[in-house]
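Below are the chains, spelled out letter by letter.
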Amino acid sequence: MQPRVTAILVAPGGATHLDRTLDGLSRQTRPPEALVVVDAGGRDSAAGRLSLSGAAQLTSVPPTTTFVEALAHGARLSGSGDADSEADEWLWFLGHDNAPRPRALERLLSTVEVSPSVAVVGPKLMRLDDPAVIAGFGETVTRYGASLTLVENELDQGQHDDRHDVLGVAAGGMLVRRSVWTALGGFDPGLPHVDAALDFSVRARLAGHRVALVSDARVASDGPPEDFGQAEPLGAGRRTRLHRSAQLHRRLVYAPAAALPLHWLSLVPLAVVRSIWHLLTKNPGAVGGEFATALRAAFGGTRIAQARRSLSRTRTTSWAAIEPLRATFYQIRERRVTERDALVARGEDAGDPQASFIGSGGLWVVVLTAVVGAVAVLDLLSQPAVTGGGLLPLSTSLGDLWSSVGWGWRDIGTGFVGPSDPFTAVLAVLGSVTAWSPSTSVLLVYLTALPVSALGAWFATRRVTGRTWVPAVAAAVYALSSPVLSALQTGHLGAALAHAALPFLVWALIGSARSWAAGATASLLFALVAACSPSLLPALVVIWLGSLATRPRGIHRMIAVPLPAVALFLPLAIVQIGRGTWWGVFADPGVPARTEPASPLQLLVTSPETGLNGWTRLLAGTSLPPETLAVVVAAAFLPLALLAVAAPFVGALRRAVPALTLALLGYLTAVAATQVSVSAVGSDSVAVWAGSGLSLYLLGLVGAAAVTLDRLPRVAPPAGVLVAVTSVAVAVPVLLASYVGTADVRPSSGRILSAYVTAEAEASPDVGTLVLTPQPDGTLAVSLERGQGATLDDQSTLDATSQRLSTTDRDLTVLAGNLVSRSGFDPADDLDRLGVGFVLLTGTPDDEPAAAALERRAGEALDGTATFLPVGDTSNGLLWRYVAASERADDRPDPGPLRPIVGVTWALVLGSALLLALPTTPRRRRSRAGVPEAEQPATTFDEERDD
């Protein structure tokens, strides 16, 4: 008796291939006896307008119905309910895009006729747009339960025609015995989107039936089942979520009863581990779905109990029977290696239009700047630390260094509980590089700041120019410039780090629209630059907004670029705003240092301080008038400025405008910085360091000049040499500052206070030293330092920008005033309450008579007080010891729950960005990869002969 076949054809809204599939059905050499068309397109759909006759019928389902749900509905509708008539009846499942070859059904039936044990059979699915490429051929699962298509996106050369018995087949084109379909209960309702056909095949295998492939039966396919009814293919994040949800459902259904609790408990921990993996593989869109599917599987909504009962009812064989049909580790590895090699080959074939780093001179510029930088700071290398200007040594242990990060006790002055500066986290990371001596890491910054700046400028410039030598010129100009050299010589460590990181930030932002890794890298660099130079925050936000506006297609990769910086600054900003000093957020991190801000005209030649980059002081003994010197310096800077201004007029407007915008933002930032004073040193207010804005200004000028050099004719090489020579010449005095005695920084042993105090602090770490510093105007600055003295990681802009004294600070100033005056005041109670064990009177220069007079008067007053015992003259000044000093009880307040909250938040945000930024091997394509154009056949699917 000839078997009866009922074809179930599902048509969603916008079923553009329905006519082709119906035509394929009408041309079958062995046509089906009945046809059920399931219309899932809603009102005015293509299927709803069909005129069917004979044994064909039309039914409709809601437009939200999935592919497998519509197939199940059609199967129920076509059933007669007679067990005898269904014994030799077959169901053939087709989607609107599953146009069959003329002999497809004949060959499927031929297989089941000669193999009665086969209950489910599937054809070879071919790409609808390219019939020579296999879209899918058989399905299986890995050892961990993930579904896997055995063959997909391969040119069909008959290499897989020997495949027969498999674990599963796809729903599109599946031919299944109706009696088996009825006995197994059809598709699992808990798998409405993906893996329903695979799960049904597995249950058929466990019920004692076979599942087979027929290589010479071919059916077209235009997409996976999850794209059914979608106007556009699903995004990678949603596709991953659907597959993970199906995998977890099957895992809980297939698991033995004894192992089910263990699987349930592992759902959320596995989601955490897999989320980290998604970040490493640059697939952050899957992280949210990972947790959503885990929670949904753990707490209901997936019909696990119903599916387990159905499986238990129909299962007749053991799981060991299907074990050989699972994908082996070697099969998976071979497939991934093949796909990765194909991706790498395609990338290599594309070629790199840019010259190599070595061949273009980039390496030699980096080496040259490294040598120049080492020579410039050579005198600092005699000691393991650097101090002076805005610098102090770091804490001597990693524990102390990292304890300063986040929310907690700030041991500066009389101490307070609050957030650390974001720059403290940068210092902790730096100090960890040289864990045996954290302060040595600052020396490494001094040695590497120039070559790293050159390297970053080379990579950033390579993005905007095609000439091989232009990036090398740009790297030299940017690295050997006064903003970074002045920052190093004045101890503005954050500004030097920001100068080195800015080119890499621009480089990463340019690529962030196309790459998750570049976007994550840009977010970390954004946070680094902001933490090192908060004055750049407004400019960075404008740059980010400009990137979003000019490249809206990559907005999903760039939208979170400021997130790590927001996380770092949020605690500090909340506290600053709460006490009415919101502008303190923009204060320079580190030790406040006196500077003389440059005028707007001097800023134009990249001089962050008055003195034209040190030329005024260097030539002070000559007869050259200051006006003439200013003209000479401006003339030396003029070639770079002219090339930058000419960039919009050489036919490269799209590259010139962003570069000039950077320059304008940087210059405005520098001008604004010179007008804002948010902290103080003694009695003097201190303006924000303008060098950070000048770094951005110079980077924009260099980029614009590179655009001009890229478009100039033969005069470009000599113009490039002229720019490099004159621009570097502008910064020569700052480069020689250490040798001519104008640098503020100096080598240090790493000890902040005298050896006597340091030795005492080892036994009593909380001992206090009252530091008295006479000011040039005759006033006295007072500070209280604990243990071995204040360190760079102890500094806080909250303290530096405070506008009023606390009660304890007020008592401290009263105590200091009484100590330096002859009176009958007994300081013992105040000294005991504050935990003071030493008093240090720092020395003053001879050219400051008011400060020298105050120093003499204070020394005489302290010598005349019986409470103190003179220790003598130390490297830091005159030292006295409080003879009745006792160890102060630790009365530091508990930082409360904010410390772990801030720490965990920073760890999650920065850790996620770091994982996403880490480079990995090329990922497998989530979308179907096309074959090379040369391999594509010229005929369409309908025109190809069915042999």
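How each quantity is defined
- Residues numbered from 1 in each chain as written.
- Predicted model: local features only at pLDDT ≥ 70, side-chain atom pairs only at ≥ 80, totals over all residues.
- Heavy atoms only, no water.
- Pairing = 2+ DSSP bridges.
- Helix = DSSP H or I, 4+ residues; strand = E, 2+ residues; numbered from the N terminus.
- Axes fitted to C-alpha atoms, helices over the stretch in contact; angles between N-to-C directions.
- Contact = heavy atoms within 4.5 Å.
- Parallel < 35°, antiparallel > 145°, perpendicular 65-115°, else oblique.
- Left-handed = near helix turned anticlockwise from the far one by under 90°.
- Nonpolar A, V, L, I, M, F, W, Y, C, P; charged D, E, K, R; others polar.
- 1 Å grid on protein atoms, 1.4 Å probe; cavity = no way out; pocket = protein on both sides within 12 Å on 5 of 7 lines; lining within 4 Å.
- Points joined across faces, edges and corners; volume = space filled by probe spheres on them.
- Phe/Tyr/Trp six-rings, centres within 6.5 Å; stacked < 30°, edge-to-face > 60°.
- Buried < 20%, exposed > 50% of the residue type's maximum accessible area, 1.4 Å probe, protein only.
- Lys NZ or Arg CZ within 6 Å of the ring centre and 35° of its normal.
- Core = buried A, V, L, I, M, F, W, Y, C linked by side-chain atoms within 4.5 Å.
- Patch = residues over 30% accessible without salt bridge, like charges linked within 9 Å, V, L, I, M, F, W, Y side chains within 5 Å.
- Areas by Shrake-Rupley, 256 points an atom, 1.4 Å probe, with all protein chains shown as cover.
- Salt bridge = Lys/Arg side-chain N within 4 Å of Asp/Glu carboxyl O.
- Polar contact = N/O pair within 3.5 Å; in protein donor to acceptor, adjacent residues only side chain to side chain.

## Here's the deal with the sheet that holds strand S22 (residues 877–882)
Then, in step 1: Pairing in this open sheet of five strands is mixed, and the strands run S19-S18-S20-S22-S21 from one edge to the other. Of all the strands in the sheet, the pair left with one neighbour each is strand S19 (780–786) and strand S21 (868–873). This sheet shows a mean twist of 20° between the axes of neighbouring strands, independent of strand direction.
Then, in step 2: One ladder, built from five bridges, connects S21 with S22; its direction is antiparallel. Note that in S22 the partner of phenylalanine 868 across the bridge is tyrosine 882.
Then, in step 3: Set on the sheet, helix H36 (residues 849–863) makes contact with strand S18 (768–774), S19, strand S20 (836–842), S21 and S22; between it and S20 the angle comes to about 150°.

## A word on the packing of helix H7 (residues 236–254) against helix H10 (residues 285–298)
Then, in step 1: Interhelical geometry of H7 versus H10 gives an angle of 25° and a closest axis separation of 9 Å. In this view, H7 runs roughly parallel relative to H10, as classed from their interaxial angle. In terms of crossing hand, the pair formed by H7 and H10 is right-handed. Between H7 and H10, the residues in contact are Gly237, Thr240, Arg241, Arg244, Ser245, Leu248 and Leu252 and Gly285, Ala286, Gly289, Glu290, Thr293, Ala294, Arg296 and Ala297, respectively.
Then, in step 2: For the contact of H7 with H10, the per-class residue count stands at five nonpolar, six polar and four charged.

## Topic: the environment of glycine 584
Then, in step 1: Along the chain, glycine 584 falls in the loop between helix H23 (563–578) and helix H24 (600–604).
Then, in step 2: In this structure, the C-alpha to C-alpha distance between glycine 584 and threonine 797, residues 213 residues apart in sequence, is 6.9 Å.
Then, in step 3: With sequence-adjacent residues up to four places away left out, glycine 584 is seen in contact with Gln576, Thr797 and Thr801.

## What about the pairing of S22?
Then, in step 1: Alignment of S20 against S22, held across five bridges, turns out to be antiparallel. Note on S22: the bridge partner recorded for valine 839 is tryptophan 880.
Then, in step 2: In textbook terms, the turn of a hairpin is the stretch between consecutive antiparallel strands, and for S21 and S22 this stretch comprises three residues.

## As for empty space enclosed by the protein
Then, in step 1: What the rule picks out here adds up to seven cavities of 30 Å³ or more.
Then, in step 2: Estimated volume of the largest cavity: approximately 120 Å³.
Then, in step 3: Together, 16 residues line the largest cavity, and Asp588, Pro592, Ala593, Ser679 and Val686 are the ones closest to its centre.
Then, in step 4: Per-class residue counts for the lining of the largest cavity are 10 nonpolar, five polar and one charged.

## A look at the packing of aromatic side chains
Then, in step 1: What the rule picks out here adds up to 13 aromatic pairs.
Then, in step 2: Ring centres 5.9 Å apart and planes at 75° place the aromatic pair phenylalanine 187 and phenylalanine 200 in the edge-to-face group. Separated by 13 residues along the polypeptide, phenylalanine 187 in the loop between helix H5 (178–184) and helix H6 (196–206) and phenylalanine 200 in helix H6 bring together distant segments of the chain.
Then, in step 3: A residue is classified by how much of its surface remains accessible, and phenylalanine 187, at 7% relative accessible area, is buried.
Then, in step 4: Residue classification places phenylalanine 200 among the buried residues on the basis of a relative accessible area of 0%.
Then, in step 5: Ring plane angle 90° and centroid distance 5.2 Å describe the contact between tryptophan 458 and phenylalanine 459, whose orientation is recorded as edge-to-face.
Then, in step 6: You can call tryptophan 458 buried: its relative accessible area is 2%.
Then, in step 7: Directly above the ring of phenylalanine 137 sits lysine 124, whose terminal nitrogen or CZ lies 5.3 Å from the centroid.

## Here's the deal with the nonpolar core
Then, in step 1: Counting residues in each nonpolar core, the largest one holds 130 residues, and the members touching the most others are Tyr446, Leu493, Leu502 and Leu505.
Then, in step 2: Discounting residues that sit within four places of it in the chain, leucine 493 has contacts with Leu391, Phe423, Leu427, Val442, Val445, Tyr446 and Leu792.
Then, in step 3: Counting 43 residues, the second largest nonpolar core, distinct from the first, contains Val38, Val68, Leu71 and Ala246.

## A short note on the environment of arginine 20
Then, in step 1: Within the secondary structure layout, arginine 20 lies in helix H1 (residues 18–26).
Then, in step 2: Placed 79 residues apart in sequence, arginine 20 and alanine 99 show a C-alpha to C-alpha distance of 6.0 Å.

## Things to note about a nonpolar patch on the surface
Then, in step 1: On the surface, a nonpolar cluster with roughly 910 Å² of combined accessible area is contributed by Trp364, Val367, Val371, Val375, Leu378, Leu381, Leu618, Leu736, Tyr739 and Val740.
Then, in step 2: Those elements that provide at least two residues to the nonpolar patch are helix H13 (362–376) and helix H31 (737–740).
Then, in step 3: With respect to the helices, strands and loops of the structure, leucine 618 is situated in helix H25 (residues 615–618).

## A few points about the side chain of serine 439
Then, in step 1: As for its placement among the helices and strands, serine 439 is situated in the loop between helix H15 (422–433) and helix H16 (440–462).
Then, in step 2: Serine 439 sits in the buried class, given a relative accessible area of 10%.
Then, in step 3: A polar contact of 2.8 Å, which involves the side chain of serine 439, links it to the backbone nitrogen of leucine 394.
Then, in step 4: Excluding anything up to four places from it in sequence, serine 439 contacts Pro384, Ala385, Pro393 and Leu394.

## Observations regarding the pattern of salt bridges
Then, in step 1: Within the structure shown, the criterion is met by 20 salt bridges.
Then, in step 2: Note that aspartate 165 and arginine 210 form a salt bridge whose closest N and O atoms lie 3.1 Å from each other. Residue aspartate 165 is located in the loop between strand S9 (154–155) and strand S10 (175–177), and its partner arginine 210 is located in strand S11 (residues 210–221); the two are separated by 45 residues in the primary sequence.
Then, in step 3: When the shortest N-O distance is used, the salt bridge between glutamate 290 and arginine 274 registers 2.8 Å. Note that glutamate 290 is positioned in helix H10 and arginine 274 in helix H9 (residues 267–280), a separation of 16 residues in sequence.
Then, in step 4: Classification of glutamate 290 as buried rests on a relative accessible area of 2%.

## Concerning the pairing of strand S5 (residues 118–127)
Then, in step 1: Judged by how many residues are buried, S5 sits mostly within the fold: 10 of 10 residues are covered.
Then, in step 2: Note that S5 and S10 share two bridges and pair antiparallel. By the bridge assignment for S10, valine 120 is matched with valine 176.
Then, in step 3: Pairing analysis gives two bridges linking S5 to strand S6 (residues 133–136), with the strands arranged antiparallel. Across the sheet, the residue bridging to methionine 126 is isoleucine 134, located in S6.
Then, in step 4: Following S5, the chain reverses through five residues before pairing antiparallel with S6.

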